[in-house]
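Examination of the molecular architecture
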Amino acid sequence: MLVDSHCHLDFPDFEGEVDALVERAREAGVGCMVTICTRPRQAGAVIALAERHESVFCAVGLHPHHVAAEGLSEEGDLAGLAEHPKVVALGETGLDYHYDRSPRELQQESFRRHIRAAARADVPFVVHSRNADTDTATILEEEAAGQVPGVMHCFSSGRALADKALELGLYISLSGIVTFRNSEGLRDIAADVPLDRLLVETDAPFLAPVPMRGKRNEPAYVVHTAAVAAGLKGISGEAFAAASTDNFFRLFPKARPCA
Ligand SMILES: [Zn+2]
Ligand SMILES: [Zn+2]
């Protein structure tokens, strides 16, 4: 069994199609997925989606893109959302200095609040980091050291941030980017991540892996990313699926009902 540790099933791309997506995932051997809410005011809808499907869990948070438009979330409100049995993590949160859609100071404050809320609620947190390696490492070091674990989702950062995240007990989740022809540097870093810290994800509807690159992504396609990751670790697809799925349930214990 494989797991898609990060997708966005509530996005309009999938409207009316979630039942079919979940079924196609199951047929492909993807028995569990975490759909990520990017705006807390949509948490109710995302939780409801997860409640309709045994194999779907969710994370709730405020994406760095939306901090300016939505306003900062209160730590206590975030922690409260994590009490629902289907909410396995807080996030995605973090820093995106590539698009800079929200002022950096606001992104940083939101990131810190999510980590504190996760510690308070005793759930892991999901990190989005793009072109922000140094500040992400600093905030992780200041807020997350010795606290609840987290995951660097859609990892595409540099080696220093990978090392810092691993040192702090975080997991590294690989997306379709690792399958792209020009991702040689990322594959080098991924090959050095210990097998017991690796996850895979689609980030669907985005970033479809080769050979689906350019198409709309969906959870079933995580098999292609997992195949590349297995190759990087020099192990069979079955061995990689077993290890990454174990990692997933260790990081997200609330998702164990679908194990
Ligand atoms: Zn993201
Ligand atoms: Zn995402």
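Residues numbered from 1 in each chain as written. Chains lettered and ligands numbered in written order. Predicted model: local features only at pLDDT ≥ 70, side-chain atom pairs only at ≥ 80, totals over all residues. Heavy atoms only, no water.

Here's the deal with the overall build of the protein chain
When you go through the protein chain residue by residue, the secondary structure sums to 10 helices and 8 strands. On C-alpha atoms alone, the protein chain measures out to a radius of gyration of 16 Å, which is about the 18 Å that the 2.2 N^0.38 rule sets for 259 residues. Principal-axis analysis of the C-alpha atoms places the extent of the protein chain at approximately 45 × 40 × 30 Å. Residues classed as buried in the protein chain amount to 56% of the 259 residues present. Counting only contacts in the protein chain whose residues sit at least 6 apart along the sequence, the fraction spanning at least 24 positions is 74%. Carbon and sulfur atoms form 49% of the exposed surface of the protein chain, whose accessible area is close to 10300 Å². (Helix = DSSP H or I, 4+ residues; strand = E, 2+ residues; numbered from the N terminus. Rg over C-alpha atoms; globule rule 2.2 N^0.38 Å. Buried < 20%, exposed > 50% of the residue type's maximum accessible area, 1.4 Å probe, protein only. Contact = heavy atoms within 4.5 Å. Areas by Shrake-Rupley, 256 points an atom, 1.4 Å probe, with all protein chains shown as cover.)

Section: the pairing of strand E7 (residues 171-174)
Going residue by residue along E7, you find Tyr171 and Ser173 tucked away on one face and Ile172 and Leu174 tucked away on the opposite face as well. Across 2 bridges, the pairing between strand E6 (residues 150-152) and E7 is parallel. Bridge pairing in E7 links Val151 to Tyr171. After leaving E6, the chain enters helix H7 (residues 159-167) and then returns to the sheet as E7, a path that is right-handed. On the question of chirality, the crossover connecting E7 to the parallel strand E8 (residues 198-200) by way of helix H8 (residues 184-191) is right-handed. (Pairing = 2+ DSSP bridges. Right-handed = clockwise from strand over helix to strand, strands pointing away.)

Details of the coordination of the zinc ion (ligand 1)
Donor atoms from the polypeptide that bind the zinc ion (ligand 1) are Glu92 (OE), His128 (ND1) and His153 (NE2), placed at 2.0 to 2.1 Å. Between the zinc ion (ligand 1) and the zinc ion (ligand 2), both coordinated by Glu92, there is a metal-metal distance of 3.4 Å. Here the residue His128 occupies a position in strand E5 (residues 125-130), and His153 occupies one in the loop between E6 and H7, the gap between them amounting to 25 residues. His128 sits in the buried class, given a relative accessible area of 13%. (Donors = N, O, S within 2.8 Å, 3.2 Å for Na, K, Ca; no water.)

Observations concerning the nonpolar core
Among the nonpolar cores identified, the biggest contains 66 residues, and Leu9, Phe125, Leu140, Met152 and Ile172 are the most heavily contacted of them. Of the residues forming this core, the biggest block, 5 residues, is contributed by helix H2 (residues 43-52). Those residues in contact with Met152, other than ones at most four positions away along the chain, are Val127, Ser129, Thr136, Leu140, Leu161, Ala165, Leu170, Tyr171, Ile172 and Ser173. Among the nonpolar cores identified, the runner-up in size contains 18 residues, and Val3, Val34, Leu199 and Cys258 belong to it. (Core = buried A, V, L, I, M, F, W, Y, C linked by side-chain atoms within 4.5 Å.)

Regarding the state of the cysteines
Throughout the structure, instances matching the rule amount to 1 disulfide. One disulfide in the model links Cys32 with Cys258; its S-S distance is 2.2 Å. Here the S-S torsion is close to -90 degrees, and the disulfide linking Cys32 with Cys258 is therefore left-handed. Taken as a pair, Cys32 in strand E2 (residues 30-37) and Cys258 in the segment after helix H10 (237-251) lie far apart in primary sequence, 226 residues in all. (Disulfide = S-S within 2.5 Å.)

Quick look at the environment of Glu142
Here Glu142 shows up in helix H6 (residues 133-144). Measuring from C-alpha to C-alpha, the distance between Glu142 and Arg112 comes to 8.9 Å, with 30 residues separating the pair along the chain.

Description of unusual backbone geometry
Geometrically, the link from Ala204 to Pro205 is a cis peptide bond, its omega value of 15 degrees lying close to zero. Among the structural elements, Pro205 can be located in the loop between E8 and helix H9 (222-233). The linkage connecting Val210 with the following residue, Pro211, adopts the cis geometry, with an omega of 10 degrees. As for its placement among the helices and strands, Pro211 is situated in the loop between E8 and H9.

Thoughts on the coordination of the zinc ion (ligand 2)
The coordination sphere of the zinc ion (ligand 2) contains the protein donors His6 (NE2), His8 (NE2), Glu92 (OE) and Asp203 (OD), at a distance range of 2.0 to 2.6 Å. On the primary sequence, the residues serving as donors to the zinc ion (ligand 2) are separated as H-x1-H-x83-E-x110-D. According to the relative accessible area criterion, His6 is buried, its value standing at 1%. Classification of Glu92 by relative accessible area gives buried; the value is 2%.

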